[in-house]
Amino acid sequence: MSMQSILNKLNKGDFDPNNGKIENDRMVIPDGTYNVTLSAVTHGVWNNSNTDYIRFDMTVLDGKEAGRIEFIRPTLAQKTAKGKEMPDFVLSRSIQTIKIIGAMVGYNVPNKPFIDAISNESTAYEELTKDFQPYIGRTMKMTIKSSPNKKDPEHPYRNYEFAKSNDVKIPTPSDKDDPFAGQKTKDPSEISDDDLPF
């Protein structure tokens, strides 16, 4: 979409800069089943609460949403941002999510990182991040199902189901998509100033 098209869409819609609210123009991937690749596993810290997290990046491989990324952030924090005990169901769901993603990519996630998280969740996240690196690029099927969030209706809960998939193919560009296909390449030592476009 061009800059002009985006401006036209905003001008014709309900966007009003005076209300101070940035419109969320379909930022999330819609509910559905997608062929995805585990494209990254990272450990970070939320700026506003200074709490750690691990993030699994799932890149959609095909269809209308191809190239879009779903960020999945399970938590192993023992306390909430308000200092209360983290509910058991949250920790259980997080452990299950991490172990399921591991199983889908062929990694049998051990219990050690979860036990380590009791005393130091940063260490656990670093360990998991490191251990998942050899599995980056593996594919699976991911189903997203949203459910209502009574406390924040504008941000429904994202629920995930995963399935192994051996038939997912990562698209590769063909020669017709490669602007340099068929061109004779020179050794870098043979390139002269006349070969450069500037």
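Shown above is the structure to which this text applies.
Residues numbered from 1 in each chain as written. Predicted model: local features only at pLDDT ≥ 70, side-chain atom pairs only at ≥ 80, totals over all residues. Heavy atoms only, no water.

**Topic: the overall build of the protein chain**
Applied cut-off: A run of H or I in DSSP becomes a helix once it reaches four residues, and a run of E becomes a strand once it reaches two; helices and strands are each numbered from the N terminus. In what follows, a contact means two residues having at least one pair of non-hydrogen atoms within 4.5 Å.
What the protein chain contains, in helices and strands, is 4 helices and 5 strands. Order of helices (α) and strands (β) in the protein chain, N terminus to C terminus: α-β-β-β-α-α-α-β-β. In the protein chain, 53% of the contacts between residues at least 6 apart in sequence involve partners at least 24 apart.

**Here's the deal with the pairing of strand β1 (residues 32–45)**
This is how it is decided: A pair of strands is considered paired only if DSSP assigns at least 2 bridges between the two.
In the sheet, β1 pairs with strand β4 (residues 139–147) via 6 bridges, with the strands oriented antiparallel. Paired with tyrosine 34 across the two strands is methionine 142, which belongs to β4. Two elements, β1 and strand β2 (residues 52–60), share 9 bridges in a ladder whose sense is antiparallel. What sits directly across from valine 41, in β2, is phenylalanine 56.

**Let's talk about the packing of aromatic side chains**
Threshold: Stacked, tilted and edge-to-face pairs are distinguished by plane angle, under 30 degrees for stacked and over 60 for edge-to-face with tilted covering the rest, among Phe, Tyr and Trp rings (Trp via its six-membered ring) whose centres lie within 6.5 Å. Burial classes follow relative accessibility: with a 1.4 Å probe on protein chains only, a residue under 20% of its type's maximum area counts as buried, one over 50% as exposed, and anything between as partly exposed.
Following the criterion strictly, the structure yields 5 aromatic pairs and no others. Seen in terms of ring centroids, tyrosine 107 and phenylalanine 132 are 5.1 Å apart; in terms of plane orientation they differ by 85°. Their pairing is edge-to-face. Linking tyrosine 107 in the loop between α2 (88–105) and α3 (112–119) with phenylalanine 132 in helix α4 (residues 121–132), this pair joins segments that are 25 residues apart in sequence. A relative accessible area of 0% means that phenylalanine 132 is categorised as buried. Measuring from ring centre to ring centre gives 6.2 Å for tyrosine 160 and phenylalanine 162, while their planes differ by 20°; the resulting arrangement is stacked. Through successive ring pairs, a cluster of aromatic residues spans Phe56, Tyr107, Phe132 and Tyr135.

**As for the environment of isoleucine 144**
Position of isoleucine 144 relative to the elements: it lies in strand β4. Owing to a relative accessible area of 1%, isoleucine 144 belongs among the buried residues under this scheme. In sequence terms isoleucine 144 and proline 30 are 114 residues apart; their C-alpha atoms lie 7.5 Å from each other. Dropping the residues within four chain positions of it, isoleucine 144 is found in contact with Ile29, Pro30, Asp31, Gly32, Tyr34, Glu70, Arg158, Asn159 and Tyr160.

**Remarks on the nonpolar core**
Test applied: To define a nonpolar core, start from buried Ala, Val, Leu, Ile, Met, Phe, Trp, Tyr and Cys residues and group those joined through side-chain atoms within 4.5 Å.
Counting 28 residues, the largest nonpolar core has Phe56, Met58, Ile98, Phe132 and Met140 as the members making the most contacts within it. Elements with a contribution of two residues or more to this core: β1, β2, α2, α3, α4 and β4.

**Brief notes about the sheet that holds β4**
As a reminder, the rule being used: Note on method: axes are straight lines fitted to C-alpha atoms, helices fitted across the in-contact stretch only, with angles between N-to-C directions ranging 0 to 180 degrees.
On the basis of which strands lie adjacent, the open sheet formed by 5 strands has the order β3-β2-β1-β4-β5 and antiparallel pairing. Strands at the two margins of the open sheet, each flanked by one partner only, are β3 (69–72) and β5 (157–164). Taken pair by pair, the neighbouring strands of this sheet meet at an average axis angle of 40°, ignoring direction. Taken strand by strand, α2 contacts β1, β2, β3, β4 and β5, and its axis lies near 30° from that of β5.

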